Amino acid sequence: EAGVAQSPRYKIIEKRQSVAFWCNPISGHATLYWYQQILGQGPKLLIQFQNNGVVDDSQLPKDRFSAERLKGVDSTLKIQPAKLEDSAVYLCAGGQGMNTEAFFGQGTRLTVV
Amino acid sequence: AQRVTQPEKLLSVFKGAPVELKCNYSYSGSPELFWYVQYSRQRLQLLLRHISRESIKGFTADLNKGETSFHLKKPFAQEEDSAMYYCALSSRGDQKLVFGTGTRLLVSP
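Rules behind the numbers
- Residues numbered from 1 in each chain as written.
- Chains lettered and ligands numbered in written order.
- Predicted model: local features only at pLDDT ≥ 70, side-chain atom pairs only at ≥ 80, totals over all residues.
- Heavy atoms only, no water.
- Contact = heavy atoms within 4.5 Å.
- Buried area = accessible area lost by both parts, 1.4 Å probe.
- Salt bridge = Lys/Arg side-chain N within 4 Å of Asp/Glu carboxyl O.
- Polar contact = N/O pair within 3.5 Å; in protein donor to acceptor, adjacent residues only side chain to side chain.
- Nonpolar A, V, L, I, M, F, W, Y, C, P; charged D, E, K, R; others polar.
- Core = buried A, V, L, I, M, F, W, Y, C linked by side-chain atoms within 4.5 Å.
- Buried < 20%, exposed > 50% of the residue type's maximum accessible area, 1.4 Å probe, protein only.
- Helix = DSSP H or I, 4+ residues; strand = E, 2+ residues; numbered from the N terminus.
- Pairing = 2+ DSSP bridges.
- Axes fitted to C-alpha atoms, helices over the stretch in contact; angles between N-to-C directions.

### Brief notes about the interface of chain A and chain B
Point 1. Listed by partner, the interface residues are 25 residues for chain A and 21 residues for chain B.
Point 2. Across the chain A/chain B interface, buried area totals approximately 1,900 Å², and carbon plus sulfur atoms make up 43% of it.
Point 3. At the junction of chain A and chain B, the tally comes to 1 salt bridge.
Point 4. Residue Asp56 of chain A pairs with Lys96 of chain B through a salt bridge whose shortest N-O separation is 2.7 Å.
Point 5. Taken together, the links from chain A to chain B amount to 7 residue pairs in polar contact (both at pLDDT 80 or more).
Point 6. Here the side of chain A that touches chain B is built from residues that sort into 8 nonpolar, 14 polar and 3 charged.

Spelled out as C-alpha cells, the structure:
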C-alpha cells in the first residue's frame, strides 16, 4: 500500500559506529517528523520539518543526532557515534498540516551492541 | 509541561466484555487529544480524535476537561481489538504529538 516508506527495517551496529535512516513520506505531505520509541515507552518527538525547514529540534541530541530534508520530500536521520541507549524504533511520520492526521511509517528498529 | 499518562500497561478482557482504556493529561491550554492504535506487525495509525466526536470500530472517547481525561471505551470488546493503544495530545495549531506509554489490550475468546 502507498504510505510512509522507511528503510532499513532493522539495523544492528556496535556502539560508537554511525548509522543513517531514510524516510519518504506520502506525496504532498509538507510536514515530516522523526520520533524515537524506546522499548516500553511511547514515541518521543526528535525533530519536525515543514517542507525543508526545521520547525522544532529542541529534543534532538545534537551532539550525535542530525537530520535533513534537503528537497522537502524525503529525509534522513543520522546518529554518529551511536550509544547503547540509542537502541529504539525510529518512526517517521508525515502530515498535511496543523491538526490533521499524522501518518506513520513502519519504523526502523535499531539495536546498538 | 505537556504530559500524557496511561496507568495500565496491560488490560486483559474476554470477548464481549466492556473495555475502558484510561488516559489522563496535563496541559496548560486547550489541547487536541487523540487515540492511536498499533495492531500486530502494522504501523501506528490514528483511531480517533476528540474534535471529531465520532465512533470508530465501536470505540468512543470523551474529553473531560475537569478531570483532564480522555478515556477510550467500547461496550463489547472483540478479539480483533487486541492491539497496543496510545493516547496522545498536541497543541491547537500544531501537529507535534506527545504520547503516553501505551496500553496493551488483549481480548480473549
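### Quick notes on the nonpolar core
Within soluble globular proteins, side chains that are nonpolar tend to cluster in buried spots.
Point 1. In this structure, Trp35, Leu72 and Tyr85 of chain B are the most contacted members of the largest nonpolar core, which totals 24 residues.
Point 2. Of all elements in the fold, only β2 (10–14), β3 (19–21), β5 (31–38), β6 (45–49), β9 (83–91) and β11 (103–108) of chain B reach the threshold of two or more residues within this core.
Point 3. Among the elements that line this core, the one with the most residues is β9 of chain B, at 4 residues.
Point 4. Ile13, Phe21, Ile47 and Leu110 of chain A belong to the second-largest nonpolar core, a separate cluster that totals 20 residues.

### Observations regarding the pattern of salt bridges
Point 1. Throughout the structure, instances matching the rule amount to 6 salt bridges over all chains.
Point 2. A salt bridge links Asp57 of chain A to Lys62 of chain A; the nearest nitrogen and oxygen atoms lie 3.7 Å apart.
Point 3. Among the residues examined, Asp57 of chain A registers a relative accessible area of 26% and is labelled partly exposed.
Point 4. A salt bridge links Asp81 of chain B to Lys74 of chain B; its shortest N-O distance comes to 2.8 Å. The same class applies to Asp81 of chain B and to Lys74 of chain B, which are both buried.

### Quick word on the sheet that holds strand β8 (residues 72–74) of chain B
Residues and elements named next belong to chain B.
Point 1. Here 3 strands make up an open sheet; going across it, the order is β3-β8-β7 and the pairing antiparallel. Each edge of the open sheet carries a strand with a single partner, namely β3 and β7 (60–61).
Point 2. The pairing of β7 with β8 spans 2 bridges and is classified as antiparallel. When the sheet's bridge partners are listed, Thr60 is paired in β8 with Lys73.

### Topic: the environment of Glu101 of chain A
Point 1. Summarising the element assignment, Glu101 of chain A is placed in the loop between β9 (88–95) and β10 (103–104).
Point 2. Sequence separation between Glu101 of chain A and Gly42 of chain A is 59 residues; the distance between their C-alpha atoms is 17 Å.
Point 3. Ignoring anything within four residues of it in the chain, the contact list for Glu101 of chain A reads Gly94 and Gly95 of chain A together with Tyr36, Leu46, Arg49 and Gln95 of chain B.

### Here's the deal with the sheet that holds strand β1 (residues 5–7) of chain A
Residues and elements named next belong to chain A.
Point 1. Pairing is antiparallel across the open sheet formed by 4 strands, whose spatial order is β1-β3-β8-β7. Whereas interior strands pair on both sides, the edge strands pair on one side only; in this sheet they are β1 and β7 (65–68). Taking the axes of each pair of neighbouring strands and ignoring which way they run, one obtains an average angle of 15 degrees across the sheet.
Point 2. In the sheet, β7 pairs with strand β8 (residues 75–79) via 4 bridges, with the strands oriented antiparallel. Bridge pairing in β8 places Ser66 opposite Lys78.

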